[in-house]
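# A structural walkthrough
As a plain string of letters, each chain reads:
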Amino acid sequence: MSEIDDLAAFAVLVEAGSFTLAAQQLGCSKGQLSKRISLLEERFSVLLLQRTTRRLSLTAAGAALLPQAQALLVQVERARQALARLKGEVSGPVRMTVPVSLGETFFEGLLTEFAHAYPDVQIELELNNGYRDLSRDGFDLAIRSDAAIDERLVARPLLAWHEMTCASPAYLERYGEPETPQALAEHKCLLNSHYSGREEWLYHQQHELLRVRVSGPFASNHYSLLKKAALAGAGVARLPSYLLNEELADGRLRWLLRDFQTRRMPMYLVHPYQGGLPKRTQVLADYLIEWFKRSGEALDRL
């Protein structure tokens, strides 16, 4: 225990009037409390208390020290109350880092729904596909894949997404709709240059793994650009399910090869371990989880 802790214990002891009551309030034994007071007396080289079997009484040195110890208790309580108010306030900045394409999906909701509900929360949203150390770099929240989660982070399930094969009605009218993954070899495919195996697309059906060699006129490491190319009729794309709610719902893109599955990939909302999130961070985390839940339910209805 520090000297400040011992001073606070001294003030509690005097107020309680007995070692038994004070030890109960401090969550320690009578012997531990007695030792702390003795150490405090040794440190100041004075006797603070006259101890008898019936009562405690302050010495002159104890009476001189008591106001300072009591003031210390008041400051500790004020600090505790200030932190409690801070956690309860729905205001202030929240810093968050997320993958580029994922952040673009809920950005509009942050500007409308969330900002309307919590106008005093200021969000700094970093779109970054690289790894960021949340504690070192000062971030409150992040979205990560399961492979990137470490023991220093608290993780809450957010979504499990998969790539959906899609194309525009204009492209399909011109080139026809592929009925099997193998038919993609004859189509113009839009490739993701982020992956080294971008020219091999994998599908599953009834425990069978299908590998298809594809090619096409355009490649990019950015899902949003691949989606724009698909909307423009440039070819067939494989895009994350979280990017396609509106385009599939209004018919601007069509979901192809629905009977063939692609790998599902979980994502988590994470934050550093701490003794409870500030309210402003908690409400943003809750909003994002609810937003992705609604998004997944909308996709399931297609």
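Preceding this paragraph is the structure being described.
Attention in this report is confined to the structure presented alongside it. The shown structure was predicted, so the numbers you read here are calculated from the model rather than taken from an experiment.

### Here's the deal with the pattern of salt bridges
Throughout the structure, instances matching the rule amount to 16 salt bridges. Here aspartate 6 and arginine 36 are joined by a salt bridge, their closest N and O atoms 3.2 Å apart. With aspartate 6 in helix α1 (residues 3–16) and arginine 36 in helix α3 (residues 30–44), this residue pair connects regions lying 30 residues apart in the sequence. Given the relative accessible area of 13%, arginine 36 is considered buried. One salt bridge connects glutamate 247 with lysine 227, and the closest N-O pair in it is separated by 3.1 Å. Placement of glutamate 247 in helix α9 (residues 245–249) and of lysine 227 in helix α8 (residues 223–231) is noted, with a sequence separation of 20 residues between them. Residues glutamate 247 and lysine 227 agree in their burial class; the two are buried.

### Regarding the packing of aromatic side chains
Evaluation of the coordinates by the stated rule reveals 8 aromatic pairs. When the ring of phenylalanine 114 is compared with that of tyrosine 287, the centres are 5.5 Å apart and the planes differ by 55°; the resulting orientation is tilted. Of this pair, phenylalanine 114 sits in helix α5 (residues 100–117) while tyrosine 287 sits in helix α10 (residues 279–300), placing them 173 residues apart in sequence. Relative accessible area serves as the criterion here: at 2%, phenylalanine 114 is assigned to the buried category. The exposure class of tyrosine 287 is buried, given its relative accessible area of 12%. Between tryptophan 291 and phenylalanine 292, the aromatic rings sit 4.9 Å apart at their centres with planes inclined by 75°, giving edge-to-face as the arrangement. Tryptophan 291 sits in the buried class, given a relative accessible area of 15%.

Basis of the calculations
Residues numbered from 1 in each chain as written. Predicted model: local features only at pLDDT ≥ 70, side-chain atom pairs only at ≥ 80, totals over all residues. Heavy atoms only, no water. Salt bridge = Lys/Arg side-chain N within 4 Å of Asp/Glu carboxyl O. Helix = DSSP H or I, 4+ residues; strand = E, 2+ residues; numbered from the N terminus. Buried < 20%, exposed > 50% of the residue type's maximum accessible area, 1.4 Å probe, protein only. Phe/Tyr/Trp six-rings, centres within 6.5 Å; stacked < 30°, edge-to-face > 60°.

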